[in-house]
Amino acid sequence: MPDFAIGESEFLLDGKPFRILSGALHYFRIHPDQWADRIEKARLMGLNTIETYVPWNAHSPRRGVFDTTGMLDLELFLRRVAEAGLHAIVRPGPYICAEWDNGGLPAWLFRQPGVGVRRYEPQYLAAVGEYLSEVLRIVRPLQVDQGGPVLLLQVENEYGAFGNDSTYLKWLVELFRAQGITVPLVTVDQPEDAMLTAGGIDGVLRTGSFGSRSVERLSTLRAHQPTGPLMCMEFWDGWFDHWGGPHHTTSATEAAAELDALLTAGASVNIYMVHGGTNFGLTNGANDKGVYRPTVTSYDYDAPLDEAGRPTAKFHAFRDVIARHAPVPPLPDFEVQPPAPEFSVTLGEPIRLLDRPDSWGTWRAHENLPSLDDLDAQFALYRTQLDLDGPVVLQLDEVRDRAHVFLDGDPIGVLSREDHDRAITLPRGSGRLDLIVEDQGRVNYGPRIGEAKGLIGPLLVGTSTPSAWQTLAIDLDAVPELWKATLTSTAGVGPTAYRATFTVEQAADLFLRTDAWGKGFAWINGFCLGRYWRRGPQHTLYIPGPALRAGANELVVLELDTLADTTARFTPTADLGPTDL
């Protein structure tokens, strides 16, 4: 079997120098029927390796569960990499960042009182051990020295930006080895002295993460890694977007020049991303550096392959650079399908949440205000009865992340975490108070990882604290099933589900325009495309061809505000909004 090792200054494959030319593809952001296509295009760009994170919270939405079906089939993904003749790098965390919900850490983990976060703490270590044993059970037989594609595994992720618990890091290394991982291990940190010191582990290869000033940053990395190959484990070739901000792009020419400088210096590289994919469902993360900013649904990342997997100018620029340093395969003529015609359908059959809440979930009674974590929900209706003289002020300690306020079914306003809203005036102090609360994505970087979601109390109405609550946790995966048991209602203000059917001659990639709508979610044939929001920058949702079928298809939209335009428009091109250039 092949042998892969860390040499004095280079990686060694069967004793011969080997430069890793890798690109990041996240299997959990790509429809599995499209994995082979994206991997093959990465190979044609000149790459010899594919890297992926592993999202703990997606595989284990509840403790004791480890789901590997559909988009979570890590083993099948790695086998697809091997079938393409490429190697693989696996980065299982347990923390991954990745602009992914909670940085990949499961929400249930933090419901244990006193649990540690990314440190040597017994409850945390026990849960991490359960998770990594499942991941490494899959990866172990797929290591290169056992005939598989996997060359490297990464321990933690940019740990030097978070903490300095060396005991925790060493424990992870021992766990990897005890679970039969024999290939080399690496860490990654931004090339700053403090981060490389805090995040590094003696005996484990340090790598860097950066997207500019390559020569300077490799020099800093070399100062902390006197021997062994130099590697940029995350060569940032683009960036991610937040709702309300610009669509980030980087110059293909400048990015290619940085890549050339890195390769000229003799370093190995993992291009982050070669293809970003999509935050399908409710998987996007968020940042909070004083202001909470949720990440958009698209993870296009301005990568060499766009969100629909099509080569961009950056693909060709990077391929030209790689060709100066390594052999590249012949580039075939990419099969270009004629663009599908734009078309539209009318959404109908509305089902308004506040008209028929019983069909959306099961009511639960509470004496005290629960968080979304207490409800194990990302979207929920809170209800209580008020009997006060008004008008009165409703106030909370914090809203995480957005709450629509209704009194006797009438809209009062919205409390938004981004705007630091904590209070709203009710025109009267009596009546049925409804709060519809949305988790817009958990923070994936920094000290706020793991925080509770929902309404953070105490909640006061005037000077009183309501003590009798009903809650209805809404399973968004079940929204497309509402019409099986529910009669339609009249469209109105507040969360309302709509549906429509349409036909296509063949299943091919499409985009759904959302700029004429407010804020909400969309599904195609039960597959959740993700969130939309009029504020942009993203104004389309990507529909992977395999989610469609030739013939009849169903579109479901859940609008949280008011759907002023019930026309659903389909287009062959993405609209990710204005850039920051």
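A quick note: this is a predicted structure, and the numbers were derived from the prediction, not measured.

Basis of the calculations
Starting afresh in each chain, residues are numbered from 1 along the sequence in its written order. A pLDDT threshold of at least 70 governs which residues receive local features in this predicted model, and a stricter bar of 80 or more applies before side-chain atom pairs are shown or counted, although totals over entire chains, interfaces and linings include all residues. The side-chain values count all of the structure's non-hydrogen atoms but skip hydrogen atoms and water molecules. Elements are defined by DSSP. Helices are runs of H or I of four residues or more, strands are runs of E of two residues or more, and each kind is numbered from the N terminus. Each residue's exposure class comes from its accessible area (1.4 Å probe, protein chains only) as a fraction of the maximum for that residue type: buried when under 20%, exposed when over 50%, partly exposed otherwise. By construction, the arc corresponds to the directions joining the helix axis to the C-beta atoms. Any two residues whose heavy atoms approach within 4.5 Å at even a single point are treated as in contact. Salt bridge, as applied in this entry: a Lys or Arg side-chain nitrogen positioned within 4 Å of an Asp or Glu carboxyl oxygen. Buried and open spaces are told apart on a 1 Å grid over the protein atoms alone, a cavity being a set of points where a 1.4 Å probe fits but cannot get out and a pocket being an open set with protein on both sides within 12 Å along at least five of seven lines. Residues with an atom within 4 Å of a point are the lining residues. Grid points are joined across faces, edges and corners, and a volume is the space filled by probe spheres set on the points. A fitted line through C-alpha atoms serves as each axis, taken over the contacting stretch for helices, and the angle formed by two N-to-C directions is quoted from 0 to 180°. Angle categories: roughly parallel below 35 degrees, roughly antiparallel above 145, roughly perpendicular from 65 to 115, and oblique for all the rest. Helix crossings get a hand from a simple test, with the near helix turned counterclockwise from the far one by less than a right angle marking a left-handed crossing and a clockwise turn marking a right-handed one. Each residue receives one of three labels: charged for Asp, Glu, Lys and Arg, nonpolar for Ala, Val, Leu, Ile, Met, Phe, Trp, Tyr, Cys and Pro, and polar for the others, Gly being one of them. Here the rule is simple: two strands pair whenever DSSP picks up at least two bridges between them. We define a nonpolar core as any set of buried Ala, Val, Leu, Ile, Met, Phe, Trp, Tyr and Cys residues linked to one another through side-chain atoms lying within 4.5 Å.

Peer 1: Could you give an account of unusual backbone geometry, with specific residues and numbers?
Peer 2: Between R400 and D401 the backbone carries a cis peptide bond, its omega angle lying at 20 degrees. Among the structural elements, D401 can be located in the loop between β19 (398-400) and β20 (402-407). The omega torsion of the bond from G457 to P458 falls at 10 degrees, within 30 degrees of zero and hence cis. For P458, the position within the fold is in the loop between β24 (454-456) and β25 (460-461). One non-glycine residue, A98, adopts positive backbone phi at about 60 degrees. Along the chain, the position of A98 falls in the loop between β6 (87-91) and α4 (122-139). Phi at N102 is positive, roughly 65 degrees, even though this residue is not glycine. Residue position: N102 is located in the loop between β6 and α4.

Peer 1: Give me helix α3 (residues 74-83): which residues, what numbers.
Peer 2: Each full turn of the α-helix corresponds to 3.6 residues, which orients residues three or four apart in the same direction. Within α3, burial applies to L74, F77, L78 and V81. Buried residues of α3, viewed axially, fall in a sector of 95 degrees; they line one side. On its buried face, α3 sits against β4 (21-25), α1 (35-44), β5 (49-53), β6, α4 and β7 (150-154).

Peer 1: Describe the pattern of salt bridges, and please don't skip the residues or the numbers.
Peer 2: Where charged atoms of side chains with opposite charge meet at close range, the side chains can pair. Enumeration according to the criterion identifies 40 salt bridges in this entry. Put simply, R79 and E75 hold a salt bridge, and the shortest N to O gap is 3.1 Å. Here the residue R79 and the residue E75 both occupy positions in helix α3, the gap between them amounting to 4 residues, near one helical turn. Exposure remark for R79: the relative accessible area of 39% places this residue in the partly exposed category. According to the relative accessible area criterion, E75 is partly exposed, its value standing at 34%. Taking the shortest distance from any N to any O, the salt bridge between R91 and E234 comes out at 3.0 Å. One end of the pair, R91, is in strand β6; the other, E234, is in strand β10 (residues 231-236), with 143 residues separating them in the sequence. By relative accessible area, which is 1% here, R91 ends up buried. Of the residues examined, E234 reaches a relative accessible area of 6% and is grouped as buried. Via salt bridges that share partners, D288, E398, R400, D401, R417, D439, R448, E451 and K453 belong to a single interconnected network.

Peer 1: Any chance you could break down the layout of surface pockets for me, citing the residues and the numbers?
Peer 2: Reported here for the largest pocket is a volume of approximately 1,400 Å³. Lining the largest pocket are 37 residues; nearest its centre among them are P61, L282, T283, Q378 and D477. Secondary structure elements with two or more residues in the lining of the largest pocket: α2 (56-59) and β30 (527-533).

Peer 1: Tell me about the packing of α1 against α3, residues and numbers included.
Peer 2: At a minimum axis distance of 9 Å, the contact between α1 and α3 shows a crossing angle of 40 degrees. In terms of their interaxial angle, α1 and α3 are classed as oblique. α1 and α3 meet at a crossing whose hand is right-handed. Within the contact between the two elements, α1 uses W35, A36 and I39 and α3 uses L76, F77, R80 and V81. Taken together, the residues of the contact of α1 with α3 sort by class into 6 nonpolar, no polar and 1 charged.

Peer 1: Pulling in residues and values, what's your account of the pairing of strand β17 (residues 379-387)?
Peer 2: Counting buried residues in β17 gives 7 out of 9 residues, a clear majority hidden from the surface. Two strands pair when backbone bridges link them, and β17 and strand β26 (residues 469-473) are joined in this way by 4 bridges, in the antiparallel orientation. Bridge pairing in β26 places Y382 opposite T471.

Peer 1: Residues and numbers for the sheet that holds strand β28 (residues 510-513), please.
Peer 2: With antiparallel pairing, the 4 strands of this open sheet are ordered in space as β14-β33-β28-β31. In this open sheet, the two edge strands, each paired with only one partner strand, are β14 (343-346) and β31 (540-543). Going across the sheet, the axis of each strand differs from the next one's by a mean of 30 degrees, ignoring polarity. As paired elements, β14 and strand β33 (residues 567-571) share 4 bridges and run antiparallel to each other. When the bridges of β33 are listed, S344 appears paired with R569.

Peer 1: Break down the nonpolar core for me, with residues and values.
Peer 2: Ranked by size, the top nonpolar core spans 106 residues in total, and within it L152 and L153 carry the most contacts. Top element by residues in this core is α4. It accounts for 10 residues. Counting 28 residues, the second-largest nonpolar core is a separate cluster that includes W517, L541, V557 and F570.

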